[in-house]
Amino acid sequence: MRHLFLSVILSAAFLTASVTALADEGMWLPSLISQRISDMQDKGFKLSAEDIYSINQASLKDAVVLFGRGCTGEIISSEGLLLTNHHCGYGQIQKHSSLEHDYLKDGFWAMDRSEELPNDGLTVSFLERMDDVTSAVLDGYSAGMSEAARDSIVRSNSARLIKNATADGNGLRATVESLYYGNSYYIFIYREFSDVRLVGAPPSSIGKFGGDTDNWMWPRHTGDFSIFRIYADKDNNPAPYSEDNVPYRPKRYFKISLSGVGEGDFTFVYGFPGRTQEYIMSEGVRYVSEVSDPHKIALRTKRLDIQRKYMESDRAVRIQYASKNAGVANAWKKWQGEMKGINRLGTVQAKRAYEKRFSGWAESAGYGDVLWKLDSLYKAAEPYSFIQDYYMETAYTVELARFARSVMSLNSKGASEEEFDAAADAFYKDYYMPIDKECFVAVMDAFDRNVPEDFQPAYFRDMMSEYGSAAVWADALFAESMFTDRCNRMRFTDSSAVADDPAVVFSMEFSRWYSRDIYPELSRIGREITLLNREYMKGQMEFEPEKAFYPDANLTLRVAYGQVAGYSPSDGIYYEPYSTIDGIMEKDNPEIYDYNIPQKLRELYASEDFGKWTEDGRVPVCFIATNHTSGGNSGSPVINADGNLVGINFDRVWEGTMSDIAFDPAYCRNISLDIRYVLFIIDRLAGAAHLIEEMEFAD
Ligand code: ARG
Ligand code: GLU
């Protein structure tokens, strides 16, 4: 009786949550935005669906790019100038940095085009169009076929569609992606440019101001931007890097608005969110918040402590590990917020209550089996998912082993001496053995303790009993491997010595174990889960026919819209939605690395040399809003009601990071950099006004 009462209350809570969630929750497909446009317009947007996405004329989508394979960028001039986040360009800035030219520390500004720096391997992709290809992808499939048969039909039909769509060459690239868990398929056709040059980046003391202490937090004062330029051949087509290339002339670029946005104003984020799981069942959420997140956090805490210890005592090591450390720390902190948010919201219980209501309806609708089957599959998958997660955060993170493995592949493909040199240069530039070795000991100890013994690789058991401990094993492995020292470079081409190297053996043994003992079972269960998730998704859509369902994110272009709004992170505290340069000065502290701003910024502040980049006499720095964003939305344009650029998205607030699984309008806020702070830094701090002259202003 009590139990029933409880679930009624919970389901009522979930009901109201999902109704209010409709306010700003959602990452919508641009090609279907006509279904949302009246809601957008009700909330203040002044343009049309065709202005957002069109295949007949230039539209805003032509000014948005996928930057690399995990960030977003926007075009802000007729000569291919591109804005993204500092943390998105971080890898490139870091690669160009050394003790002599420390662009991480000092920033980098190309004063003319000849100084812009090429970036091997970096691409940007423009979405040409997206189309529903569900029936073509499922051509030949009929209900009752096995999942494996369905997979292979989907794969071969997709390959054919991709081939046709990219036949013209010219930088065309296409992918076919499943939406709504395979209930529909879309083709995304991109034009990809590979000559993308670094134009400018502020010093990290601005671009990463607040470091990992402020990361995922509000109030925020990080100037998280960097500037690149896309180059094309003389005919404006994609081409590999060449001195003869010229700045790309885009179909469309953003105009910049200097009027800012205030509390309650409409904003819209246009970009490439990477991954959300809004529709999975309670068991899936429980695994994330109660098993996977806590374990991954504990493992990363150990590695971060080790990295930090060495980085704090040696400036060269700080540069070497800056990018790696930021990557490890970022997800580590996000997972903590996510766990907390899921617990606060009671997502597992709310989903269980929803599932109960769904089940009541499902019997008659033909979905009666779906949930209990899914539930038992999740339980069956759990030991394997856990070991996979554990492997990825332990043995797989050993830098030496990963490099050893890549040298072995260079050998087997018969790479040239130059290729070996290039791989060695890239690895040793940023390798510091004591960190890697200490991390090895920490993660292997944890593996020993937390992976059930009968699941551990025989090789691992052998090594642990041979050496007695992970520490003694590490002494031997790091002493014997040739890969700890670049001096052994000449031996890298000796394929039998490479094959016998203990770092190669380590990597090979673990990956053989994973692909023999873990992966097959996990993917077998995974296939059944996929099938049932497809059913469950379809069922959920039929169960609530009046609700608009957006597809989970999958690094395809989406529209998120909402409004500028503060929030209350906990009892007794209310956060304003804006931060200003005053807050930078409050945090400024020469004693603390992450809060030690450039002297020049102190001087600009003291003399109030703010240029025209102010509101009420202060330079605005960041703002928050209710747009539903995710990892991958970094660098996305934040657009006002008139379609002009007012900011750059770069983060979410910590209390709202569970929005990848459950969106709570009370807590979920995206964090944007105010475009006026960007312009202030370019103009007053960098003295790079020539870049501002390229831009166009709306007001
Ligand atoms: N949290 C933001 C994102 O997920 C910014 C990350 C920058 N990295 C960092 N470790 N501070 O990308
Ligand atoms: N900083 C994140 C990124 O790299 C965006 C923040 C988020 O996850 O919302 O994509």
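## Notes on the pairing of strand S9 (residues 195-201)
- Where burial is concerned, most of S9 is hidden: 7 out of the 7 residues are buried.
- Bridge analysis of strand S4 (residues 108-109) against S9 gives 2 bridges, and the strand direction is antiparallel. Directly across from tryptophan 109, in S9, lies its bridge partner glycine 200.
- Note that strand S5 (residues 117-118) and S9 share 2 bridges and pair antiparallel. The partner of leucine 117 across the bridge, within S9, is leucine 198.
- In this sheet, strand S10 (residues 226-232) lies alongside S9 in antiparallel orientation, the contact comprising 5 bridges. Each bridged residue has a counterpart across the sheet, and for aspartate 195 the counterpart in S10 is tyrosine 231.

## Considering the site of ligand 1
- Neighbouring ligand 1 are His87, Lys208, Asp212, Asn215, Trp216, Ala326, Asn330, Ser634, Phe650 and Asp651.
- Within the side chain of aspartate 212, a nitrogen or oxygen atom sits 2.6 Å from a nitrogen atom of ligand 1.
- Here ligand 1 loses 90% of its free accessible area of 340 Å² to cover by the protein chains.
- Of all the secondary structure elements, the ones that give two or more residues to the shell around ligand 1 are helix H11 (315-345) and strand S17 (645-652).
- Grouping the constituent residues of the shell around ligand 1 by class yields 3 nonpolar, 4 polar and 3 charged.

## Concerning the nonpolar core
- Residues Phe440, Met444, Trp473, Phe483, Phe506 and Phe510 are the most contacted members of the largest nonpolar core, which totals 85 residues.
- Sort the elements by how many residues they give to this core and helix H20 (residues 502-543) lands first, with 14 residues.
- Those residues within four positions of methionine 444 in sequence are excluded, and the remaining contacts are Thr394, Ala395, Phe460, Ala470, Trp473, Phe506 and Phe510.

## Description of the site of ligand 2
- Around ligand 2, the neighbouring residues are His87, Trp216, Thr629, Ser630, Gly631, Gly632, Asn633, Ser634, Phe650, Asp651 and Arg652.
- With respect to ligand 2, the side chain of histidine 87 contributes an N or O atom lying 3.1 Å from an oxygen atom.
- Here an oxygen atom of ligand 2 sits 2.5 Å away from a polar atom, N or O, in the side chain of serine 634.
- For ligand 2, the accessible surface in isolation is 290 Å², of which the surrounding protein chains cover 91%.
- In the shell around ligand 2, the residues fall into 2 nonpolar, 7 polar and 2 charged.

## Here's the deal with the packing of helix H10 (residues 282-313) against helix H13 (residues 370-393)
- The geometry of H10 relative to H13 is characterised by a closest axis approach of 11 Å and an angle of 15° between their N-to-C directions. In terms of axis orientation, H10 runs roughly parallel to H13. With respect to the hand of their crossing, H10 and H13 are arranged in right-handed fashion. Contact with H10, carried on its side by Glu283, Gly284, Arg286, Tyr287, Val291, Ser292, His295, Lys296, Leu299, Arg300 and Arg303, involves Asp375, Tyr378, Lys379, Glu382, Ser385, Phe386, Asp389, Tyr390 and Glu393 of H13 and no other residues of that element.
- Across the contact of H10 with H13, the residue classes break down as 6 nonpolar, 4 polar and 10 charged.

## So, the packing of aromatic side chains
- Under the criterion given, the structure shown has 58 aromatic pairs.
- Centre to centre, the rings of phenylalanine 358 and tryptophan 361 are 5.3 Å apart; their planes meet at 55°, and the pair counts as tilted. Taken together, the residues span about one helical turn, with phenylalanine 358 and tryptophan 361 both in helix H12 (residues 347-365) at a distance of 3 residues.
- Look at phenylalanine 403 and phenylalanine 483: their rings are 5.9 Å apart centre to centre, the planes differ by 90°, and that puts the pair in the edge-to-face class. Placement of phenylalanine 403 in helix H14 (residues 399-412) and of phenylalanine 483 in the loop between helix H18 (470-480) and helix H19 (495-500) is noted, with a sequence separation of 80 residues between them. Comparing phenylalanine 403 with phenylalanine 483 shows no difference in burial state: the two are buried.
- Across from the ring centre of tryptophan 28, 3.9 Å away, lies the NZ or CZ of arginine 36, which sits over that ring.
- Stacked on the ring of phenylalanine 697, the Lys or Arg lysine 612 has its end atom at 5.5 Å from the ring centre.

## Some thoughts on the state of the cysteines
- What the rule picks out here adds up to 1 disulfide.
- Across the disulfide, cysteine 71 is cross-linked to cysteine 88 (sulfur-sulfur distance 2.1 Å). Here the disulfide of cysteine 71 and cysteine 88 is left-handed, its torsion about the S-S bond being about -80°. Taken together, the residues span a long stretch of sequence, with cysteine 71 in strand S2 (residues 71-75) and cysteine 88 in the loop between strand S3 (81-84) and helix H4 (90-95) at a distance of 17 residues.
- Note on cysteine 71: relative accessible area 11%, which makes it buried.

## Observations concerning the side chain of asparagine 157
- Assignment of secondary structure puts asparagine 157 in helix H7 (residues 147-165).
- Engagement of the side chain of asparagine 157 in a polar contact is seen with the backbone oxygen of alanine 136, the distance being 3.2 Å.
- There is a polar contact of 3.0 Å between the side chain of asparagine 157 and the side chain of arginine 160.
- With residues near it in sequence (within four places) discarded, asparagine 157 still touches Ala136, Val137, Leu138 and Asp139.

## Brief notes about the environment of glutamate 546
- Along the polypeptide, glutamate 546 turns up in the loop between H20 and strand S13 (558-563).
- For the pair formed by glutamate 546 and aspartate 151, sequence separation is 395 residues and the distance between their alpha carbons is 31 Å.

## A closer look at the sheet that holds S13
- Here we have 7 strands laid out as an open sheet, ordered S13-S12-S16-S17-S18-S15-S14, and antiparallel in their pairing. At either margin of the open sheet sits one strand with a lone partner, and together these are S13 and strand S14 (578-580). Taken pair by pair, the neighbouring strands of this sheet meet at an average axis angle of 30°, ignoring direction.
- Across 2 bridges, strand S12 (residues 266-271) lies against strand S16 (residues 637-639) in antiparallel orientation. Of the residues in S16, the one forming a bridge with phenylalanine 268 is isoleucine 639.

Procedures and definitions
Residues numbered from 1 in each chain as written. Chains lettered and ligands numbered in written order. Predicted model: local features only at pLDDT ≥ 70, side-chain atom pairs only at ≥ 80, totals over all residues. Heavy atoms only, no water. Buried < 20%, exposed > 50% of the residue type's maximum accessible area, 1.4 Å probe, protein only. Helix = DSSP H or I, 4+ residues; strand = E, 2+ residues; numbered from the N terminus. Pairing = 2+ DSSP bridges. Near = heavy atom within 4 Å. Polar contact = N/O pair within 3.5 Å; in protein donor to acceptor, adjacent residues only side chain to side chain. Areas by Shrake-Rupley, 256 points an atom, 1.4 Å probe, with all protein chains shown as cover. Nonpolar A, V, L, I, M, F, W, Y, C, P; charged D, E, K, R; others polar. Core = buried A, V, L, I, M, F, W, Y, C linked by side-chain atoms within 4.5 Å. Contact = heavy atoms within 4.5 Å. Axes fitted to C-alpha atoms, helices over the stretch in contact; angles between N-to-C directions. Parallel < 35°, antiparallel > 145°, perpendicular 65-115°, else oblique. Left-handed = near helix turned anticlockwise from the far one by under 90°. Phe/Tyr/Trp six-rings, centres within 6.5 Å; stacked < 30°, edge-to-face > 60°. Lys NZ or Arg CZ within 6 Å of the ring centre and 35° of its normal. Disulfide = S-S within 2.5 Å.

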